[in-house]
Amino acid sequence: MPTTNRSLISRLDALTLTLYLVLVVIGLLAVFSVEYRSTDVGLFLKGKNYTSQTIFLGISLFVGMIILFTDSKAFASGAFLAYLFGIILLIVTIFFGKNVKGSHSWLQIGPMSFQPGEVCKIFTALALAKFLSLSETNFHTLKHRLIAVAIALLPAVLIILQNETGLALVYFSFILALYREGLPNSILIIGFSVVVLAIASLLLTQLTIFLILTAIASIFIVLLWKRLLINGKLRLVLIGSYGVALLFSQLVVPFTFKKVLQGYQIQRIYSMLGQEVPEAYLKHEEIQKLQVGKKKDDNYNVKQSKIAIGSGGLLGKGFLNGTSTKNNFVPEQHTDFIFCSIGEQFGFVGSALLILLYVGLMIRISILAERQRSVFSRVYAYCVASILFFHFAINISMTIGLAPVIGITLPLLSYGGSSLLSFSILIFILLRLDADRAVLIR
Amino acid sequence: MSTAAGSRQLVLRAIFIGMGLVLLIRLLFLQLFEPKYKIMANDIAIYRQVVYPPRGVIYDRNGKVLCYNEVVYDLQMTSNNVPRDFDSSKLCQVLGIDGNTYYNLHERAKWANGPMRPGTFLEQLSTAQAARFGENKYSFPGFDMVERNIRSYPEPIGGAFLGFIGEISPRLLKKDRFSSYQQGDYLGLDGLELSYEEVLRGQRGVYFKEKDNYNRPRDSYLKGALDTPAVAGQALHLYLDEKLQAYGEKLMQNKLGSIVAIDPSTGGILAMVSAPSYDPNLLRGADRSKNFSRLYQLHTKPLFNRAIKASYSPGSTQKPYTALIALDDGAITPAFGYPCRGAYYACGRPVRCTETWAGHAANLRLAIANSCNSYFCHIYRLSVDEDKFGGVKKGLEDWYRHMFLFGFGHPTGVDIPYEIGGTLFDSTDYNKLYNGSWNSCTNLFLGMGQGELSVTPMQMANSLCIVANHGFFYVPHFVKSIGNNPKDPSLARFLVKHEVTNIPDTMYKTVTLGMMDVVNAGTGRVARLPGIEVCGKTGTVENYAFINGKRTKLQNHSMFVAFAPRGHPKIAIAVTVENAGYGATWAGPIASLMMEKYLTDTIAKNRLPLQERILKGNVINMRQVTLIDSARRAADQARYERRLQNAAVSDSVKRAYDSLVILRYIKTYLLPKK
């Protein structure tokens, strides 16, 4: 084994580490720019969030160092134990969690408070990797597939009990990692299609969806013409899915909205997307309220966030010149809506670069995953990529009105100790495992 | 498995890249193709702060300040910055208010601008309050003193022409002149403050600031690249003599009427008194509207500037102009005489004259000196009935033209607003009045300044300047220079010398000599000043008012016009005292004392008793004034109500007509025909 001869530092993946550091620094500057006042004297003022974020970064790097000097086998051997610990922590949190805006997902220990759901991602990733790398696991059997899915989703259920749905959804992203390990294609396709179709049928008119669906079906027919002629099953699948999609978008969604859901529920769903409720779905009381002009501004967050990002233009307003983000117009702009400050200050170019950095990091992690000798490391790496992907996709989507506002952070950029620390640990464990990629870890 | 795994890793990477592309496309549209977000971002985050420069100071001819800006302190409160456990008792002690008042003020300030922004807690702190607050400021978080300028007047004089400032009204906002103003701006509402608003106000500074989600101003926008600094207002230097003005207001106390004194050589106004006068300090700052309505309610109407807004029949003060017109038309010569023996009989009903002795109107100079009514009625008739006009109507046209040139019948154009033009009838007006059948006998009273003629004290003084100058005048005005520049474009119209007619100097000389005789030997002897050739003319004007529905003759208006010295006139003055009696009793002494004060700077010892009599004299018949004013106000109210009623009636008539039309339509087209 040639790699073991080299020192640990030189065996670390430089690109991943660089991407990590660049993103963290961008995050610090973003939090700084949001809080900066022209009257401020000196850096690292007391009471400013970027000061505490810097401290969190210091802690994260320190923990990262510890991880790097830990034996890589320790992660695999302690995985189930850590998972058990995490589950217990989550259960405890259900009962003793601090009440923050109706959710009980924060634990208070002395002056510090943290979100176990955030940390538990690491344990779940490790446990999943451990389970799949066990020699007795055969992922082609339904039983083991169900166990794997259960490992991934048990924390989600507990977190939903804490009333923090957004965070719970993150655990569904492990499906991606499981897909890599052999879950059938159809699950991914069907799951993806349902999500897209659901959002589309809320955002677009029925006619538009009908046209798009028909267009997609026609494209498939043209592309698969020869195979369709031979394969009756394929024909059935195509026609069936087209029919189901039409049924869902043209009948199920309107029916649900008109007859089943209450006015406030509809309001909630649309405000999460940052959209006005279409008139067709408005109940009588709401119409009256609209006419009186007393409608509450439910989608204030997304509206302000879109204004901030949209006003950035091509090159942005410049560092520290973001009029919307600097002056508190976007709520939660240093945590969930940190992307606004990038979009406003650096415009399309800055946003595109940031997206490039994230996509680069995820691709790099998937490349790292594929070069692992041990299944444990590979599954773990894909788990990290999946979590990153979910956070990245949903967070940015919600700031630009593509996804409901479910309160999950932008990895490494958002202000918050729990989030930064857990992502740092995820990545440092990955770096540590990758440094020993030639070693077989079980 | 390896190929499957290989394709699956590619699928995952495709998903990563695909999501990135979706986000990029959405961002592309959001940031590059939807400009509305830029506008919205500016709307919510940029705040236009207007900074008001101090208004210009107003000085008199000797550099004495008439009006300046006083810095006062308002106490502001930002409700959210006041701690919950704030001990208000100490603040109450410092400000000298009780707890209840504190509560009310607190609530008012909190709701005025919302809890996040500063609202005015207490206006215009007294010096003691401000000092005590300043010392203890640290113990009152959320409270702050802010500076504000208010107009202040060192002497309680000049309210009539200085005017006042106040918040702009919605009606004014619609005017072109004030289109650049915004709701809440202050501007001059009357007097010089209004006339020279653009000069006094200076230029507002505009600063663009970023604001936060609670509308609190933060940093300057784009580091102040778009800001314009404020430019201070320019000072006004007046012709007015502060001492003379103060003396005039003192002389006019307890009287109704006015004084206008003009320097004939420049047209500069030396004093303008409207009695009763008021302290301009009443109409400033926090108590302005309260004091304004109190002054407005007074029956003596102190807010009514009698010098430019009241018009009276000129009475005998008209006689010099009648003479000049007759001379100019060639109707008479200075040697013309009229055998008056106490009345004028030529037009049926006799016109009484105060003098009865023979020869009191043997020539023009004597007639002026003795103020012979018959003489002036006669020469008025002579000038309008002259053959060259071919009829009294053409003759009156000529007379009207002359009078107009002398400055009657139209505003003089003085530089304070709301001046009226008085009354001056031409032939058309008389045709209307008398249905076309009238002759020089119908309106012969015009010659002695009664009848369909009324002039403002401003016009009297201005026309007197023409006589004093022997034929020219400058439009009367207050402002000598704007910010030390006497040639400011807005003063250009006051620098134009107006030549009135081509009446030769000799004729003016005759008239002025007659006026000098008035003072030296005639009706106005009270106005004589040792060593100074004073020319004057008394006026005693009959006037009537409806009291309790009856036309009642009131006490005569006392009038006096004078200028001095005769050769090089330095002051021309017109004094009116309403319902006071003979011109020589009240107006004459006042005019004379004013001239003496201006020309010699003191009052001679032997004239102190006269001054004493004037100062002590109270000629306001309060009961009568109250009756007349109440009746007038009642009439105004009734007129207003009648107008409302008429509008309501015409509206219902229209409605009734409309329903008739509809009924007819239904009958004609919709109902079945029999």
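Parameters at a glance
Residues numbered from 1 in each chain as written. Chains lettered and ligands numbered in written order. Predicted model: local features only at pLDDT ≥ 70, side-chain atom pairs only at ≥ 80, totals over all residues. Helix = DSSP H or I, 4+ residues; strand = E, 2+ residues; numbered from the N terminus. Buried ≥ 20, exposed ≤ 12 C-beta atoms within 10 Å, placed from the backbone. Contact = placed C-beta atoms within 7 Å. Pairing = 2+ DSSP bridges. Axes fitted to C-alpha atoms, helices over the stretch in contact; angles between N-to-C directions. Nonpolar A, V, L, I, M, F, W, Y, C, P; charged D, E, K, R; others polar. Parallel < 35°, antiparallel > 145°, perpendicular 65-115°, else oblique. Left-handed = near helix turned anticlockwise from the far one by under 90°. Expected span 1.5 Å × (residues − 1).

Draft legend 1. Representation of the overall build of chain B within the structure. Along chain B, the regular secondary structure elements total 22 helices and 22 strands. Buried positions account for 40% of the 674 residues belonging to chain B. In chain B, the proportion of contacts linking residues at least 24 apart, taken out of those at least 6 apart, comes to 71%.

Draft legend 2. The sheet that holds strand β3 (residues 112–114) of chain A, seen in detail. All names here are of chain A. Pairing is antiparallel across the open sheet formed by 3 strands, whose spatial order is β1-β2-β3. Looking along the sheet, the strands with just one partner apiece sit at the ends: β1 (98–100) and β3. The average undirected angle you get between the axes of adjacent strands in this sheet is 40°. Two strands pair when backbone bridges link them, and strand β2 (residues 103–109) and β3 are joined in this way by 3 bridges, in the antiparallel orientation. Within the sheet, the bridge partner assigned to Q108 lies in β3 and is S113.

Draft legend 3. Quick peek at the interface of chain A and chain B. Taken together, the 35 residues of chain A in the interface contact 30 residues of chain B. Contributing elements (two or more residues each) for the side of chain A that touches chain B: α9 (174–180), α16 (300–310), α17 (323–326), α18 (338–370) and α19 (375–399) of chain A. With 11 residues, α18 of chain A is the largest single contributor of residues to the side of chain A that touches chain B. For the side of chain A that touches chain B, a count of residues per class yields 18 nonpolar, 14 polar and 3 charged.

Draft legend 4. View of the sheet that holds strand β1 (residues 46–51) of chain B. Residues and elements named next belong to chain B. On the basis of which strands lie adjacent, the open sheet formed by 3 strands has the order β1-β8-β9 and antiparallel pairing. Both edges of this open sheet fall to β1 and β9 (217–220), since each of them pairs with a single strand only. Across the sheet, the axes of successive neighbouring strands diverge by a mean angle of 50°, strand direction being ignored.

Draft legend 5. Region of the structure containing the packing of helix α10 (residues 242–251) of chain B against helix α20 (residues 587–600) of chain B. Residues and elements named next belong to chain B. Where α10 meets α20, the closest approach of the two axes is 10 Å, and the angle between their N-to-C directions is 160°. One element, α10, and the other, α20, form an angle in the roughly antiparallel class. Both α10 and α20 take part in a crossing whose hand is right-handed. Every residue of α20 that contacts α10 at L244, Y247, G248 and L251 is listed here: I590, L593, M594, K597 and Y598.

Draft legend 6. Layout of the pairing of strand β20 (residues 535–547) of chain B. Bridging between β20 of chain B and strand β21 (residues 550–564) of chain B involves 12 bridges; their strand directions are antiparallel. Bridging from a neighbouring strand, C535 of chain B pairs with F563 of chain B of β21 of chain B.

Draft legend 7. Structural view of helix α15 (residues 373–384) of chain B. All names here are of chain B. The end-to-end C-alpha distance of α15, which contains 12 residues, comes to 17 Å, matching closely the 16 Å that a straight helix rising 1.5 Å per residue would cover. By the criterion of burial, α15 is predominantly enclosed, with 11 of the 12 residues buried. Within α15, burial applies to N373, S374, Y375, F376, C377, H378, I379, Y380, R381, S383 and V384. The secondary structure elements touched by the buried residues of α15 are α13 (319–329), β13 (343–344), β14 (351–352), α14 (364–370) and α16 (392–405).

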